[in-house]
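Spelled out from the first residue to the last, the chains are:
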Amino acid sequence: LDIWIEGLPVSGGPRESHLNKQTGARWTAKSPAARSWQKHINLMVRLAYRGPLHDCPMRLHLIAVFPRPKSVPLDVVWMDEKPDDDNVEKPARDALQKVVITDDKRIASSHVEKIYAQPGEKPGVHIILERLVSPYDEARRMKKGSKRSP
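First, a word on scope: everything that follows refers to the structure included in this document.

Criteria and thresholds
- Residues numbered from 1 in each chain as written.
- Predicted model: local features only at pLDDT ≥ 70, side-chain atom pairs only at ≥ 80, totals over all residues.
- Heavy atoms only, no water.
- Helix = DSSP H or I, 4+ residues; strand = E, 2+ residues; numbered from the N terminus.
- Contact = heavy atoms within 4.5 Å.
- Pairing = 2+ DSSP bridges.
- Axes fitted to C-alpha atoms, helices over the stretch in contact; angles between N-to-C directions.
- Buried < 20%, exposed > 50% of the residue type's maximum accessible area, 1.4 Å probe, protein only.
- Polar contact = N/O pair within 3.5 Å; in protein donor to acceptor, adjacent residues only side chain to side chain.
- Expected span 1.5 Å × (residues − 1).

## Focus on the side chain of Arg 93
As for its placement among the helices and strands, Arg 93 is situated in helix H2 (residues 85-96). Not counting residues up to four positions away in its chain, the partners in contact with Arg 93 are Leu 60, Asp 104, Ile 107 and Ser 110.

## Some remarks on the sheet that holds strand S4 (residues 58-66)
The strands making up a sheet are joined through hydrogen bonds of the backbone, oriented either antiparallel or parallel. With mixed pairing, 4 strands are arranged side by side in an open sheet as S1-S6-S4-S5. Strand pairing shows two members of the sheet lacking a second neighbour, strand S1 (2-6) and strand S5 (107-116), which therefore form its edges. For this sheet, the mean angle separating the axes of adjacent strands, direction not counted, is 15 degrees. Where S4 lies against strand S6 (residues 124-131), 8 bridges are found, and the strand directions are antiparallel. Opposite Ile 63, over in S6, you have His 126 as the bridge partner. Docked against the sheet, helix H1 (residues 32-48) engages S1 and S6, running at close to 135 degrees with respect to S1.

## Some points on the environment of Asp 55
Looking at where Asp 55 falls in the secondary structure, it is placed in the loop between H1 and S4. Look at Asp 55 and you get exposed, because its relative accessible area is 53%. Taking the C-alpha atoms as reference points, Asp 55 and Val 125, separated by 70 residues in sequence, lie 24 Å from one another. In this view, Asp 55 contacts Thr 102 and Arg 106; residues no more than four positions away in its chain are not counted. There is a polar contact of 2.9 Å between the side chain of Asp 55 and the side chain of Thr 102.

## Let's talk about H2
With 12 residues, H2 ought to run about 16 Å at 1.5 Å a step, and its terminal C-alpha atoms sit 17 Å apart, in line with that. Counting buried positions along H2 yields 9 of 12 residues, so the element is predominantly enclosed. What H2 keeps buried is the set Asn 87, Val 88, Glu 89, Pro 91, Ala 92, Arg 93, Asp 94, Ala 95 and Leu 96. Buried residues along H2 sit against H1, S4, S5 and S6. Where H2 ends, the next residue or the one after it, Lys 98, has phi of about 65 degrees, a positive value.

Next up, the structure:
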């Protein structure tokens, strides 16, 4: 999967805490903005992806492009402000479940980049999700392929 999704990246954390007045029990929920962003990603992925549901180790590379404040010079690429990179990743991971991967726990490797948009560039996320191949499996495959039969 390799997809660009336009929109303002929203943090998936922290969750909002709620109190049930009748029972006194507490529960947490994603913010409405995080839920909406996750649903948007999920919809865009559903519209674009027609492949199988993967139940194997996967690698996620996510590039989040944020609007550039006027105070940030054009030569500054990396956004080292809030939200935290792991919180930017959460809505995308959750949105990929049951569409591309069986469960987000199948993501064994991930890399997140937060950058500022260049002039004329819109905010959004670029999601690349690929099957992870073990270097050991690859070496075994190459070894088997190099054997010559008499």
